[in-house]
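Okay, here's what each chain looks like letter by letter:
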Amino acid sequence: MPQEIARAQAHNAYRQMPLGVFGNGGACLITVAILHDTFTWSELIYLPIVMGVLQFIPVSMLLGRLRHRTDPQWAAKVLRRVVADSGMLGMFWACAMIGYLPYTDHETKRLLLVCSCFLGAGAAGVLQAVPRAFALYAGPMYAIGLYFAINEWTVDGGILAGMIAMMQIAVLWMLWINHSNFLELLSRNRKLDELRREAEAARLAETAFVENLNHEIRNAVSGVVGYFDIALESRLSEHEQLTLMTRARDASSMLLTLLSDLLDVARLNAGRVPLTIQPFDLREVVRLSIVSTSAAIRRRPISVVCAIDDSVPSWLDGDAGRVRQIIVNLVSNAIKVMQRGTVVIQASYRKENGQGWLDVAVIDDGPGIPHAQQQVMFERFSRLSDFKTSGARAGTTGWGLGLSISASLIELMHGRITVHSMPGQGATFRINLPLAHVETPVPRETLASAAASVVPLRRDISVLIVDDMPMNLLVLSKMLESLDCRVTVAEHGLDAVSLCAAERYDLVLMDVDMAEMDGVEATRRIRALPAPFSDVPIIAVTGFASPEQVARIHASGMNAHALKPMRKATAAQLLANWVPQATPGNGDAQPSLARFMS
């Protein structure tokens, strides 16, 4: 920072040098012209001669080697010469005043003293960046000028002294304002430079992210397309077909995870990430997190274990889905770079100043993270796979969003995340979340879901699927038929309205964005039908997930919202929640849908 200020001062002073040369030269000539009525030319010739000699320093700087600014010591050299030149010019004017003013009349003194104040004002502009140079230049001149003005007290009663003092104070004030503006401008320029560098770094990171994103998407799509091509063109055993379909599903799941991360980034950028606050069981959240990350281990000798302290209450009030997302991101990142070892999820609970805090630590004995990378690892597009750490598993991939999203979500929940790691000694991520302990044994939603999952369901459930994509119609139809449902399909909203006017279905799965008539308008028209046709539960099955779109969907009269792609477990849960179920002992009942959700 001091070097940066010195260089800025040198640049400013160097650019102002021509003004100083012409200003001092002109002031010298004006002084000679004013004094000519009192002194002879031979008595005044010393002033322009000495002034010409003194101008040698700034002129030599302008024309000499210092005009080339590549020298690392350039700023120091310029400032030294500016200060020296200012000091010598200040002594020149002070000596001139001492040598000539005592022999002039009152009017000439007043004119010259006023001119000295204007000369100082000019110096306040030229030397605004170097206050010490201004002090050496104007200090002696102002002190001697004020002395002579006070000596004229008997002539004008102190008017000249007061006027000179006020003008000198105004000049000093102007210098202070100019220097403050210079420093403020320097600070703003420095911030702009920092923003420019950050923007450039972000642009490079985003470019790398897009390239990596392209790589990841093509890998996943290549896997899906390749697996299906093989399945279609080859005669495979049942085991080989199952293996191919399983890997195609895994690749599709990776694409879905990527899309979810991108959606989270967009929501975080817009400040629209909704938090669903309700009681949840941390132990169940951790269990599901471990299950979610187990597939990433891929036969490596890696184990994921949990150690939840007894201090953690049975129920905490918070967003279980986001807490699980954070834990999954941290555990997945650890697994990605490990060749073998253990990942431990620790949790404890404490109270501090009346506020309950959940402390979660994800500890691994992997290759560790260098300190330099720890400073940027929570920034968007910063990938752990980019960290060239000794012992890290080769060929790891990632799109650089997980840690950034986790940090943003933790901040949204008013929590903290820290990392401690040494190369070769693993890493520890610590999360502190302000979550209250609640006494509610089970939230209503959980009770409803649990009750629905054990109630036997009818075999004659009628479902209308509305979608303008034949692929989606086929997938949802086969999925619901495997759940023993009777399925009817419609390709757009107009057909859906006609079908609903002719038959009362148990459930309607409605796409939102369709040709002919979209799902929102179709729902409005269905709700306008006479009962009981208007009372059918309608679920939006769509890729829209923004809060505005979800609000629009609910405003149209739809009962709920499910994101594409729909999994079989989600379809089973929708049937359990929205279709009236059979009573126990009914002969038409079938086993619980819980078997489809395991």
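Residues numbered from 1 in each chain as written. Predicted model: local features only at pLDDT ≥ 70, side-chain atom pairs only at ≥ 80, totals over all residues. Heavy atoms only, no water.

This next bit is on the packing of aromatic side chains. Within the structure shown, the criterion is met by 3 aromatic pairs. Plain terms: the ring middles of Phe 39 and Tyr 100 are 5.0 Å apart, the flat faces sit at 90 degrees to each other, and that makes the pair edge-to-face. One end of the pair, Phe 39, is in the loop between helix H1 (2-35) and helix H2 (41-44); the other, Tyr 100, is in helix H5 (residues 74-100), with 61 residues separating them in the sequence. In this structure, Phe 39 and Tyr 100 share a single accessibility class: buried. Seen in terms of ring centroids, Phe 92 and Trp 93 are 5.0 Å apart; in terms of plane orientation they differ by 70 degrees. Their pairing is edge-to-face. Note on Phe 92: relative accessible area 8%, which makes it buried. Take Trp 93: its relative accessible area is 6%, and that puts it in the buried class. The residue whose ring lies beneath Arg 416 is Trp 357, and the NZ or CZ to ring-centre distance is 4.7 Å. (Phe/Tyr/Trp six-rings, centres within 6.5 Å; stacked < 30°, edge-to-face > 60°. Helix = DSSP H or I, 4+ residues; strand = E, 2+ residues; numbered from the N terminus. Buried < 20%, exposed > 50% of the residue type's maximum accessible area, 1.4 Å probe, protein only. Lys NZ or Arg CZ within 6 Å of the ring centre and 35° of its normal.)

Here we take up the confidence of the model for the protein chain. For the protein chain, the average pLDDT comes to 82, and 86% of its residues sit at 70 or higher. Every residue in residues 443-455 scores below 50 in pLDDT, and together they form 15 contacts with partners more than four places removed in sequence or on other chains. (pLDDT = per-residue confidence, 0-100. Contact = heavy atoms within 4.5 Å.)

A few words on the pairing of strand E14 (residues 560-563). Residues Ala 560 and Ala 562 line the buried face of E14, whereas the alternating positions His 561 and Leu 563 sit on a face that is not buried. By the bridge criterion, 4 bridges tie strand E13 (residues 538-542) to E14 in an arrangement that is parallel. Along E14, the bridge assignment pairs Thr 542 with Leu 563. Handedness of the crossover joining E13 and E14 through helix H19 (residues 547-555): right-handed. (Pairing = 2+ DSSP bridges. Right-handed = clockwise from strand over helix to strand, strands pointing away.)

This paragraph deals with the sheet that holds strand E7 (residues 427-433). The strand order across the open sheet built from 5 strands is E2-E4-E5-E7-E6, with neighbouring strands paired in mixed fashion. Every interior strand has two partners, whereas the edge strands, strand E2 (302-308) and strand E6 (416-421), have only one. Ignoring which end each strand starts from, the neighbouring axes of this sheet average 15 degrees apart. Bridge count between E2 and strand E4 (residues 341-352): 7 bridges; the pairing is parallel. Looking at the pairing, Ile 308 lines up with Ala 347 of E4. Against the sheet, helix H11 (residues 282-293) engages E2, E4 and strand E5 (355-364), with an angle of about 175 degrees to E2. (Axes fitted to C-alpha atoms, helices over the stretch in contact; angles between N-to-C directions.)

By size, the foremost hydrophobic cluster in this structure holds 57 residues, and its most contacted members are Leu 47, Trp 93 and Tyr 137. Mapped onto this core, the elements with two or more residues apiece are H1, helix H3 (46-54), H5, helix H6 (106-126), helix H7 (131-151) and helix H9 (159-233). Per element, the largest residue contribution to this core is 13 residues, and it comes from H5. Apart from residues lying up to four places away in sequence, Tyr 137 is in contact with Asn 24, Ser 86, Leu 89, Gly 90, Trp 93, Leu 119, Ala 123 and Leu 127. (Core = buried A, V, L, I, M, F, W, Y, C linked by side-chain atoms within 4.5 Å.)

Here the focus is the packing of H6 against H7. Two measures define how a pair of helices packs: the angle their axes make with one another and the distance between the axes. The N-to-C vectors of H6 and H7 enclose an angle of 160 degrees; their axes lie 10 Å apart at closest approach. Classified by the angle between their axes, H6 and H7 sit roughly antiparallel to one another. The element H6 and its partner H7 pack so that their crossing is left-handed. Where H6 approaches H7, its residues Leu 113, Ser 116, Cys 117, Leu 119, Gly 120, Ala 121, Ala 123 and Ala 124 are matched on the opposing element by Phe 134, Tyr 137, Met 141, Tyr 142, Gly 145, Phe 148 and Ala 149. (Parallel < 35°, antiparallel > 145°, perpendicular 65-115°, else oblique. Left-handed = near helix turned anticlockwise from the far one by under 90°.)

Attention now goes to unusual backbone geometry. Between Ala 531 and the following residue, Pro 532, the backbone shows a cis peptide bond with an omega angle of 0 degrees. Structurally, Pro 532 is set in the loop between helix H18 (519-527) and E13. With an omega dihedral of -5 degrees, the bond running from Lys 564 to Pro 565 counts as a cis peptide bond. Within the element layout of this structure, Pro 565 appears in the loop between E14 and helix H20 (568-578). At Asp 484, a residue that is not glycine, the phi angle is positive and equals roughly 65 degrees.

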